[in-house]
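In case you want the letters, here they are:
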Amino acid sequence: MRGVTALLGPLKYLLLAAALAYPLTPVSDVYVLHVLVLVMVYMVLAMGLNIMPGFCGLLDLGYVGFYGIGAYTAGLLTLTYDLSFWVIVPLAVVNGALWGVILGAPTLRLVGDYFAIVTFGFSELVVLFLTNEIWLTRGPLGLPGIAPVSLDLSWLSTLFNPEWDWKYVFSGETPYYYLGFLMVAVIYAVMRRVEDSRLGRAWLAIREDPMAAASAGVNLFEYKIIAFAVSSGIGALAGAFFARWTLFLSPDMFKFWESFLVLCMVVLGGLGNIRGSLIGAAVLISLGEVLRVVLPGLGLPAETRFLVYGLIMVLIMRFRPGGFFTAVAESTMSGPLIMDLRRRLAARKTG
Amino acid sequence: MLEQQLVNGLTLGLIYALIAVGYTMVYGVIELINFAHGEVYMFGAFLCMTFLTVFGAPLIVAVLLAMACCAIMGVLLDVVAYRPLRNAPRLAALITAIGMSIFLQNLAMIIWGSRPLPFVKEALPAFFKVTALSFGEVNISWMQMTIYIVAVSLMILLNLVITKTRTGTAMRALAQNRVCASLMGISVNRVIAFTFALGSGLGAMAGIMVSMFYNTMYPTMGYNAGVKAFAAAVLGGIGSVPGAMFGGVVLGIAETLGAGYVSSPYRDGVAYAIMILVIILRPSGLLGRAVTEKA
Amino acid sequence: MEPILRVDGVSKKFGGLMALSDVSFEVARGRILGLIGPNGAGKTTMFNCVAGLYKPTEGAIVFRPGDRDQDVQGVKPEKMTALGVARTFQNIRLFSSLTVLDNVRIGRHCRTSSNFFGAVLRTRSQRAEERRIIDDAMEWLDFVGLGSFALQSAASLSYGDQRRLEIARALATDPKLLLLDEPAAGMNPKETESLVDLIYAILEKDVTVVLIEHDMKLVMRICEHLVVLDHGVKIAEGAPAAIRENPDVIEAYLGKGAAHA
């Protein structure tokens, strides 16, 4: 698989350019754009979740809880205070991270499966809360009418011409496509930088051998909390975007199935492999859409796709339990300092 | 009123206990949370109903057949899905378990539809409706009485199997140290399969009793009950069979009282809250043993 | 000169088992102390108590890296490392799927400080620190002779080299006291010889070394002082020549009646 990514090389810039241009071309299709935006949401979720099992070796079975917290924070703030998306995002992220810390503080000292079980219980409680606290969330009726994202640059435009009023309200899929692109790119860059840093190395050490990590000077609890806070913050970010994109929220959008789906994306792409998370998200979402179309053609109801999903995951785990890509901390092998070191080492051999 | 709640809580609790022992036994021998166990419980109910309606079998036959089928289903689950992953990373086995759970849930939806179905009232013996015991304002019907008797008998039987038979002892040995157990000549795979069969049979009985008592069954019932039974197993100490029984009863009573006196919509939340609190405050559960890692 | 470490009446109980029973000894600064004894004597348990993995049931451990005593019984491992106590493990515990370089870079963790924001924003101080970390890590790798393997995966090293890598990682934490748990285990005579050179080089860096070892030739050769444990109890202490003749020690290793063998 590493050969494939090496082959892509310059080709990937071409693909990137094509992807950026796609919505503006005449062949662009609204449905396809919608699916692509959905893929982007899950790419962010997968990258966020990857921090836990992928970098720290901690299984989080309740990721949807933070996704839901981010979404409902964004939705409620929009409906109640009509705040701008750009103000809501940091608020939702902080709220998500805060709940990560609240949940993590008493539970991150636990070993293995216990943490997984607690996160699962937490996410179920979140759904229960969203369903039952009708005074706040309208429960199962959901939150309709959330305002779409808007860009208000009138303060800038008036600098050029007092009559100009640069206000743009997002409509249709295309603006969300570009916003999603930006979101994925930012989180990707953040993850790559963290991976090749003191923080990322500390996380990887915790994953590899917690006892050795502690003896090497890493405060396990502190770094696990940081991981959980960053992970839940990213989940909340995806939730906030999701809320202002679908413009409607209901508690049954945040069930355990979502946690499972994102976990599968992370495992498929290889634990700890950031690029793998992107691919895992793209593959599983596309699979869902393909199934949604193909199954009725075979005479089966569209709901059967969950059955097929389950079966496919079982089969993939059977034959490729480690995912499709090896989990090599890539950026630690390609940063400028390492390339420099490589040269120095090569010079030693010849010199 | 309180007495009635306690009686109902006990009924629910015994059912949870029957499911919980399945989780705890499997976790004890292979350290896997068998997510698909709830679906076996659900299939127990549906299969029993199918045997009654489609094959016209008498109640006892339908019940025993359903239990046997589910026991086989449990073994198949192990052999087909979990055994090949015995040495794979634990996350892979967990995902497989969840995948099988989703598969089975949706399979049931395709076979029997996703709407709740009632139990076959006509198949129930007439005396079930008769009050067996009555004190104060509390009535315990013969159906409830039968549930108590059957559930408790099964648990006593299970305890005997685990403590007195060779296979049961082998199970306990496996739970302590799998490598050593196999070195002692224990056929690991066979014992694990037996564990699945045992847990699944009991789970099926729980499903049948629930569908009988509440007169309803639906394909997602395994998910709800499964999570709660798992919480019960954690409460009692995951890996401990007496713990699972104890935890089941405690959870059933706690949930019923909570729903009755504190908050009904949050009744499911009682299980989750208990699970989280137990893990934070006493991870080894009420009856389990704590484990430390060697340097 | 004050001893760098004082173990004072330390006992450690696990359930019903008394792994250590009222053990006391001192470690002289800048010297090599050998902690020996038959298997199960409690040597690694002692290391674990000093390094912070276990809290002694009774007794005190006093660490004196500078000119002040510090009570360190029960202090967590990462804090002990920051204070200046590093250790290696009996069964090598490397970060196997990481590179050799990364293993040692992680050793620099407690001597560096950049956080999440530094990493994401790539501030000038963070970048300078990263450069220093690589330089320091390479220095230690060269010190143990593994410099050219820096970018290989740790798992690809030979057994002897893996032990050296673990030592390099421990040294990268800038310790004042280094606890080596059976560093020569599984080594052939040539590798053991290089290990001796390495340990002497470590001493020259002003690091005190405590060694658990079963290779008696090695122990007798390089240790200046020995503490002997058996079944959790200290049975002898002194210079190697005296310990070699000590009947209690001989009995512990070889059984009754072997004292005159």
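What counts, and at which threshold
- Residues numbered from 1 in each chain as written.
- Chains lettered and ligands numbered in written order.
- Predicted model: local features only at pLDDT ≥ 70, side-chain atom pairs only at ≥ 80, totals over all residues.
- Helix = DSSP H or I, 4+ residues; strand = E, 2+ residues; numbered from the N terminus.
- Rg over C-alpha atoms; globule rule 2.2 N^0.38 Å.
- Buried ≥ 20, exposed ≤ 12 C-beta atoms within 10 Å, placed from the backbone.
- Contact = placed C-beta atoms within 7 Å.
- Nonpolar A, V, L, I, M, F, W, Y, C, P; charged D, E, K, R; others polar.
- Domains from an automatic or database assignment.
- Pairing = 2+ DSSP bridges.
- Axes fitted to C-alpha atoms, helices over the stretch in contact; angles between N-to-C directions.
- Parallel < 35°, antiparallel > 145°, perpendicular 65-115°, else oblique.
- Left-handed = near helix turned anticlockwise from the far one by under 90°.
- Right-handed = clockwise from strand over helix to strand, strands pointing away.

A. Inspection of the overall build of chain C at higher detail. The number of helices and strands found in chain C is 10 helices and 10 strands. Compactness check: chain C gives a C-alpha radius of gyration of 19 Å against a globular reference of 18 Å for 261 residues, within 12% of the reference. Here the C-alpha coordinates of chain C stretch approximately 70 × 40 × 40 Å along the principal axes. Taking all 261 residues of chain C together, 46% fall into the buried category. Within chain C, residue pairs in contact and separated by at least 24 positions form 65% of the contacts whose partners lie at least 6 positions apart.

B. Focus on the overall build of chain B. When helices and strands are counted, chain B shows 11 helices and 2 strands. Listed by position from the N terminus, the elements making up chain B come as α-α-α-α-β-β-α-α-α-α-α-α-α. Its C-alpha atoms give chain B principal-axis dimensions of roughly 60 × 45 × 35 Å. Here chain B holds 295 residues, and 53% of them are scored as buried. Sequence-distant contacts, at least 24 apart, represent 75% of the contacts inside chain B between residues at least 6 apart.

C. View of the interface of chain B and chain A. On the chain A side, the residues contacting the 31 residues of chain B number 33 residues. In terms of residue count, the dominant contributor to the side of chain B that touches chain A is helix α4 (residues 90-112) of chain B (13 residues). Tallied by class, residues from the side of chain B that touches chain A come to 26 nonpolar, 4 polar and 1 charged.

D. Up close: the interface of chain A and chain C. Taken together, the contact between chain A and chain C spans 28 residues of the former and 32 residues of the latter. It is helix α10 (residues 198-208) of chain A that contributes the most residues to the side of chain A that touches chain C, 7 residues altogether.

E. Up close: the domain arrangement of chain C. Residues and elements named next belong to chain C. Splitting chain C by domain gives domain 1 (1-84 + 175-261) and domain 2 (92-174). Counting residues at the interface gives 11 residues for domain 1 and 10 residues for domain 2. Taken together, the elements giving at least two residues each to the side of domain 1 that touches domain 2 come down to α2 (77-83) and α7 (189-204). Classifying every residue of the side of domain 1 that touches domain 2 by side-chain character gives 7 nonpolar, 2 polar and 2 charged.

F. Seen up close, the sheet that holds strand β3 (residues 32-36) of chain C. Residue and element names in this part refer to chain C. Taken in spatial order, the 6 strands make up an open sheet running β6-β7-β8-β3-β9-β10, and their pairing is mixed. Only two strands of the sheet have a single neighbouring strand rather than two, namely β6 (85-87) and β10 (233-238). Ignoring which end each strand starts from, the neighbouring axes of this sheet average 20° apart. For β3 and strand β8 (residues 208-212), the ladder comprises 4 bridges, and the chain directions are parallel. When the bridges of β8 are listed, Ile32 appears paired with Val209. Lying over the sheet, α7 contacts β3, β7 (177-181) and β8, oriented at roughly 150° with respect to β8. Contacting β9 (225-230) and β10, helix α10 (residues 247-254) crosses the sheet at an angle of about 130° to β10.

G. Representation of the sheet that holds strand β4 (residues 58-63) of chain C within the structure. Residue and element names in this part refer to chain C. The strand order β2-β1-β4-β5 describes an open sheet built from 4 strands, whose pairing is antiparallel. One side of each edge strand has no neighbouring strand; the edge strands of this open sheet are β2 (17-27) and β5 (70-71). Strand direction decides the pairing type here: strand β1 (residues 5-14) and β2, joined by 7 bridges, are antiparallel. Counterpart to Leu5 in the pairing with β2 is Val27.

H. Focus on the packing of helix α3 (residues 30-56) of chain A against helix α9 (residues 174-195) of chain A. All names here are of chain A. At a minimum axis separation of 9 Å, α3 and α9 run at an interaxial angle of 20°. For the element pair α3 / α9, the angle class is roughly parallel. As for how α3 packs across α9, the hand of that crossing is left-handed. Two secondary-structure elements touch here, α3 through Leu33, Leu36, Val37, Met40, Val41, Met43, Val44 and Met47 and α9 through Thr174, Tyr176, Tyr177, Gly180, Phe181, Met183, Val184, Ile187, Tyr188 and Met191.

I. Just the pairing of β8(C), in detail. Residues and elements named next belong to chain C. The buried count for β8 comes to 5 of 5 residues, which makes it a mostly enclosed element. On β8, burial covers both faces: Thr208, Val210 and Ile212 on one face and Val209 and Leu211 on the other are all buried. Of the strand pairs in this sheet, β7 and β8 are connected by 5 bridges, and their pairing is parallel. Its bridge partner lying in β8, Leu177 is registered against Thr208. Once you follow β7 into α7 and on to β8, the crossover reads as right-handed.

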